[in-house]
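Topology and contacts: notes
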Amino acid sequence: MPDDWGFFERLTESKEQMRILVNCAWKKETPPSGLNRLLSITINLYSVRSRQKKKAAMIAELEKLEQHLEEAVLAGGEAFYAGRINTPKRLEYYYYIAEDAGLEPLENMIRGHQDYRLQYYAKPDPQWEFYRFMLPDALEELFIHNAQMVYALLNRGDDIRQPRNVYHWLLFRDSDDRKLMRMKLEGMGYRIEEGKSGEPEPDYPYPLVISRFEDVRLETVNGRVDELYRVLGGGGGKYDGWGSVMKQPALYRLRQWAKKRLGIQRLSGRTKG
């Protein structure tokens, strides 16, 4: 089964912030019966921060270490990499392994990297209960989509710090719910976009489009979606996504124009030859 990775943030009951990266491939499927043990490997992040003061260098070091961990786990037998949880103090990796999987390669790897203060444990989890804990709920599914959209904008050269009109699409079961929510959202500072229409669904035939003038950094978008999701929860509505125009810096646009222009000239030169 192909991987299906999702990234989102979650607060625990004790208000600890977790950044979760989870492989959702088995979200709707029965987990494989052979992989019935949960393997957890924890890195103390203080040990890494003490050596790497720059964030980029720290990330590169952790990525290299993660590769070594995966190689060691797979050397012991078949394994499913379920994902990882990142907190301010630690980084935890989670695998599902077979009952008879060997842990000697992992233990050897840990002994060879004592500076990281690595710890591990393995315990039975035949129903994949911890995996279900890691999976996103409905709101966290929206956060995953937000991250994908923001990363797509970044990859296309968008300056996500620049404010712009950010549009949000909402759907309602009946017109009265939409009317009441419209008045509430106007009072909260949202602009009603009269000239834009959403795509109704059979159970939600009444769309509403609203907007705010702000940036599209991930923390901004997640905060806005979280607010709208909770407001709609008690008003018969459904959140249906967001969008915005791109804001590319002038230098990026100039470079793209020059790159395109150079490509045309080269093509022209080959044609003449």
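Everything numeric in this text was worked out from a predicted model, so none of it was measured.

**Remarks on the layout of surface pockets**
The space that makes up the largest pocket amounts to roughly 1000 Å³. In terms of lining residues, the largest pocket is bounded by 29 residues, among which Phe7, Arg19, Lys55, Ile59 and Asn86 are the most central. If you list the elements that add at least two residues to the lining of the largest pocket, you get β1 (5–11), β2 (17–23), α1 (45–49), α2 (55–75), β4 (79–86), β5 (90–97), α5 (138–155) and α7 (218–233). In this structure, the second largest pocket encloses a volume near 250 Å³.

**Side note on the side chain of Arg37**
As for its position among the elements, Arg37 is in strand β3 (residues 37–44). No salt bridge is formed by the buried Arg37, whose closest oppositely charged neighbour, Glu99, lies at an N-O distance of 4.5 Å. A distance of 3.4 Å separates a polar side-chain atom of Arg37 from the backbone oxygen of Ala98. With residues near it in sequence (within four places) discarded, Arg37 still touches Tyr95, Tyr96, Ile97, Ala98, Glu99, Ala101, Ala122, Lys123, Pro124 and Asp125.

**Section: the sheet that holds β5**
Spatial strand order, β1-β2-β4-β5-β3-β6: six strands in an open sheet with antiparallel pairing. Both edges of this open sheet fall to β1 and β6 (119–124), since each of them pairs with a single strand only. Across the sheet, the mean angle from the axis of one strand to that of its neighbour is 20°, orientation sign disregarded. As paired strands, β2 and β4 are joined by four bridges and run antiparallel to one another. Bridge pairing links Leu21 to Arg84 in β4. The strands touched by α2 are β3, β4 and β5; relative to β5, the strand with the most contacts, the crossing angle is about 25°.

Rules used in this analysis
Residues numbered from 1 in each chain as written. Predicted model: local features only at pLDDT ≥ 70, side-chain atom pairs only at ≥ 80, totals over all residues. Heavy atoms only, no water. 1 Å grid on protein atoms, 1.4 Å probe; cavity = no way out; pocket = protein on both sides within 12 Å on 5 of 7 lines; lining within 4 Å. Points joined across faces, edges and corners; volume = space filled by probe spheres on them. Helix = DSSP H or I, 4+ residues; strand = E, 2+ residues; numbered from the N terminus. Buried < 20%, exposed > 50% of the residue type's maximum accessible area, 1.4 Å probe, protein only. Lys, Arg positive; Asp, Glu negative; His and termini not counted. Salt bridge = Lys/Arg side-chain N within 4 Å of Asp/Glu carboxyl O. Polar contact = N/O pair within 3.5 Å; in protein donor to acceptor, adjacent residues only side chain to side chain. Contact = heavy atoms within 4.5 Å. Pairing = 2+ DSSP bridges. Axes fitted to C-alpha atoms, helices over the stretch in contact; angles between N-to-C directions.

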